[in-house]
Amino acid sequence: MSMRLLSGLLKRFVEKGRLTVIDTTGARSTFGSGEDGPSVTAKLHDGKTAGKLFWNPELAFPEAYMDGRISFEEGSTVYDLLLLFSLNRKALGGHPVQQALRNGWRAVRRWQQQNSVAQASKNIKHHYDL
């Protein structure tokens, strides 16, 4: 199921270049035309990685790469994926689920960072009392 969600996202995301994803069963899914960008082949080594990539690709990808849950094959590198991502970044924000998640995260961040005048005064007093 999570690979289907990720595939739906990647179909809309990869407009320039080509991304081939090899899942844990060895099945290959290819996205993009291969034109105007690099060709990248990434292999997922953990079944949960696809779902994490769908929900928060900008955080999940670097974590999965550092943990060894994603590797690159056929001569592609992490730098090729970063180039592919930068060329297609605008399309990621156009996915309806990603738009909703980003709007939700912004609202939560604004709520968490609220700082009324009374709270700001209290924070200042505490800071200078230290």
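Rules of the game
- Residues numbered from 1 in each chain as written.
- Predicted model: local features only at pLDDT ≥ 70, side-chain atom pairs only at ≥ 80, totals over all residues.
- Heavy atoms only, no water.
- Helix = DSSP H or I, 4+ residues; strand = E, 2+ residues; numbered from the N terminus.
- Buried < 20%, exposed > 50% of the residue type's maximum accessible area, 1.4 Å probe, protein only.
- Contact = heavy atoms within 4.5 Å.
- Areas by Shrake-Rupley, 256 points an atom, 1.4 Å probe, with all protein chains shown as cover.
- Salt bridge = Lys/Arg side-chain N within 4 Å of Asp/Glu carboxyl O.
- Expected span 1.5 Å × (residues − 1).
- Pairing = 2+ DSSP bridges.
- Core = buried A, V, L, I, M, F, W, Y, C linked by side-chain atoms within 4.5 Å.

Some thoughts on the overall build of the protein chain
Counting secondary structure elements, the protein chain contains 6 helices and 4 strands. Each helix (α) and strand (β) of the protein chain, taken in turn from the N terminus, gives the series α-β-β-β-α-α-β-α-α-α. The buried share of the protein chain, reckoned over its 130 residues, is 32%. Sequence separation of 24 or more characterises 50% of the internal contacts of the protein chain that already satisfy a separation of 6 or more. Total accessible area on the protein chain is roughly 8600 Å²; 54% of this is exposed by carbon and sulfur atoms.

Considering the pattern of salt bridges
One pass over the full model with this rule turns up 2 salt bridges. Notably, a salt bridge pairs R69 with D67, separated by 3.1 Å at the nearest N-O pair. With a relative accessible area of 15%, R69 lands in the buried category.

With respect to helix α6 (residues 117-129)
The terminal C-alpha atoms of α6, which comprises 13 residues, lie 18 Å apart, in line with the 18 Å expected from a rise of 1.5 Å per residue. The buried fraction of α6 amounts to 0 of the 13 residues, a small share that puts the element mostly on the outside.

Some thoughts on unusual backbone geometry
Note: most residues except glycine have negative phi, and most peptide bonds are trans. The phi dihedral of D36 is positive, around 60°, even though this residue is not glycine. Note on placement: D36 falls in the loop between β2 (28-31) and β3 (39-44). On the basis of relative accessible area, D36 is assigned to the exposed category, the value being 64%. With a phi close to 60°, E74 is a non-glycine residue in the positive phi region. Note that E74 resides in the loop between β4 (70-73) and α4 (78-92). Overall, E74 belongs to the exposed group, its relative accessible area being 58%.

Examining the pairing of β2
One face of the sheet, then the other: side chains in a regular strand alternate in exactly this way. Relative to β2, strand β1 (residues 18-22) runs antiparallel, the two being bridged by 4 bridges. Bridging from a neighbouring strand, L19 pairs with F31 of β2.

Considerations on the nonpolar core
Ranked by size, the top nonpolar core spans 23 residues in total, and within it L19, I70 and F72 carry the most contacts. Sorting the residues of this core by element identifies α1 (2-13), β1, β3, α2 (49-55), α3 (57-67), β4 and α4 as the ones contributing at least two each. With 5 residues, α1 is the largest single contributor of residues to this core. In this structure L19 touches L10, V14, S29, T30, F31, V40, L81 and L84, once residues within four positions along its chain are discounted.

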